[in-house]
Amino acid sequence: MKLNSQKIFILLMLFLLTACGFHLRGQINSLPFKSLYIAAPESSTIGMNLERAIGTSSTTKVVATAAEADATLEVISANSERVILSLSGGGRVRDFNLVYRVKYRLYDKQGVEIVPYTEITLTRILPFLDAQVLAKEAEEKLLQKDMQADAIQQMLWRLSTVKL
């Protein structure tokens, strides 16, 4: 069995990537606490999605009460807005700017703030055509869901770097 130079090159690149500690995006090593309580607004799905993300990518256990937890992640607010970005010559909307903001903080059992009040702001541009209203509504929902997932990943990356 003879390996050609292209296969050898691919194997060499894979070995180099694994040797440098490369991880695929979305993989966090672990959070610096064994248990975590998530206090999130009832009107948003971010609490449930955070719990799911922590459960699948970390050794940290999400608990039901703050008394059981080593730390409490308080999601103060998570909201999205749509702002007109540009208008056509006829006064019709051409582009919307979608904005998703998450405000949170982290504190320990004693109430000492580990991560102070932090805000993550994500934006996406949504081109808009009157002829495609239904399609653009579906695209907007997908972009909102994508921005929430991105915000959750950013929160987890930031929390994984916390030193206790």
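For the structure, see preceding data.
Quantities reported herein were computed from a predicted structural model and do not represent experimental measurements.

Caption draft 1: Here's a closer look at the layout of surface pockets. Estimated volume of the largest pocket: approximately 180 Å³. Lining of the largest pocket is provided by Tyr37, Ile38, Ala40, Pro41, Glu42, Ser44, Gly47, Met48, Glu51, Val62, Val63 and Ala64. Contributions of two or more residues to the lining of the largest pocket are made by β1 (35–39) and α2 (46–57). Ranked by the residues each element gives to the lining of the largest pocket, the list is headed by α2, at three residues. Classifying every residue of the lining of the largest pocket gives eight nonpolar, two polar and two charged.

Caption draft 2: Spatial organisation of a nonpolar patch on the surface. A contiguous nonpolar patch, built from Phe9, Ile10, Leu11, Leu12, Met13, Leu14, Phe15 and Leu16 and spanning about 800 Å² of accessible area, is present on the exposed surface. On the secondary structure map, isoleucine 10 appears in helix α1 (residues 5–19).

Caption draft 3: Highlighting the sheet that holds β1. Taken in spatial order, the five strands of this open sheet run β2-β1-β3-β4-β5, and their pairing is mixed. Among the strands making up the open sheet, the edge pair consists of β2 (61–62) and β5 (113–127). Pairing of β1 with β2, which is carried by two bridges, proceeds in the parallel orientation. Within β2, the position partnered with serine 35 by the bridge is lysine 61.

Caption draft 4: Local environment of the pairing of strand β3 (residues 71–87). Relative to β3, β1 is paired through four bridges, and the arrangement is parallel. Bridged to isoleucine 38 within β3 is leucine 73. Two elements, β3 and strand β4 (residues 93–108), share 15 bridges in a ladder whose sense is antiparallel. Bridge pairing in β4 links glutamate 74 to arginine 105. Hairpin connection between β3 and β4: a loop of five residues separates the two successive antiparallel strands, and glycine 91 in this loop has a positive phi of roughly 85°.

Caption draft 5: The arrangement of the side chain of serine 77 in detail. Inspection of the secondary structure puts serine 77 in strand β3. Given the relative accessible area of 16%, serine 77 is considered buried. The residues contacting serine 77, other than those within four sequence positions of it, are Pro41, Arg101, Val102 and Lys103.

Caption draft 6: Quick peek at α2. In this model α2 runs 16 Å from its N-terminal to its C-terminal C-alpha over 12 residues, within 8% of the 16 Å that 1.5 Å per residue would give. All of the buried residues in α2 are Ile46, Gly47, Asn49, Leu50, Ala53 and Ile54. In a view along the axis of α2, the buried residues occupy a sector of 165°, so they form one face of it. Looking at α2, the residues exposed on the side facing more than 90 degrees away from the buried face are Gly55 and Thr56. Close packing links the buried residues of α2 with β1, β2, β3, β4 and α3 (133–160).

Caption draft 7: Representation of the pattern of salt bridges. Taken as a whole, this structure holds eight salt bridges when the rule is applied. The salt bridge involving glutamate 140 is made with arginine 82; its shortest N-O contact spans 3.0 Å. One end of the pair, glutamate 140, is in helix α3; the other, arginine 82, is in strand β3, and 58 residues separate them in sequence. Take arginine 82: its relative accessible area is 45%, and that puts it in the partly exposed class. Residues joined by salt bridges that share partners form a network here, namely Glu74, Arg105 and Glu113.

Caption draft 8: Structural detail: the pairing of β5. As defined by bridge partners, β4 adjoins β5 across 12 bridges and the pair is classed as antiparallel. When the sheet's bridge partners are listed, tyrosine 104 is paired in β5 with threonine 118. Here β4 hands over to β5 after four residues, with glycine 111 in that stretch at a positive phi of 90°.

Quick notes on the rules
Residues numbered from 1 in each chain as written. Predicted model: local features only at pLDDT ≥ 70, side-chain atom pairs only at ≥ 80, totals over all residues. Heavy atoms only, no water. 1 Å grid on protein atoms, 1.4 Å probe; cavity = no way out; pocket = protein on both sides within 12 Å on 5 of 7 lines; lining within 4 Å. Points joined across faces, edges and corners; volume = space filled by probe spheres on them. Helix = DSSP H or I, 4+ residues; strand = E, 2+ residues; numbered from the N terminus. Nonpolar A, V, L, I, M, F, W, Y, C, P; charged D, E, K, R; others polar. Patch = residues over 30% accessible without salt bridge, like charges linked within 9 Å, V, L, I, M, F, W, Y side chains within 5 Å. Areas by Shrake-Rupley, 256 points an atom, 1.4 Å probe, with all protein chains shown as cover. Salt bridge = Lys/Arg side-chain N within 4 Å of Asp/Glu carboxyl O. Pairing = 2+ DSSP bridges. Buried < 20%, exposed > 50% of the residue type's maximum accessible area, 1.4 Å probe, protein only. Contact = heavy atoms within 4.5 Å. Expected span 1.5 Å × (residues − 1). Arc of directions from axis to C-beta.

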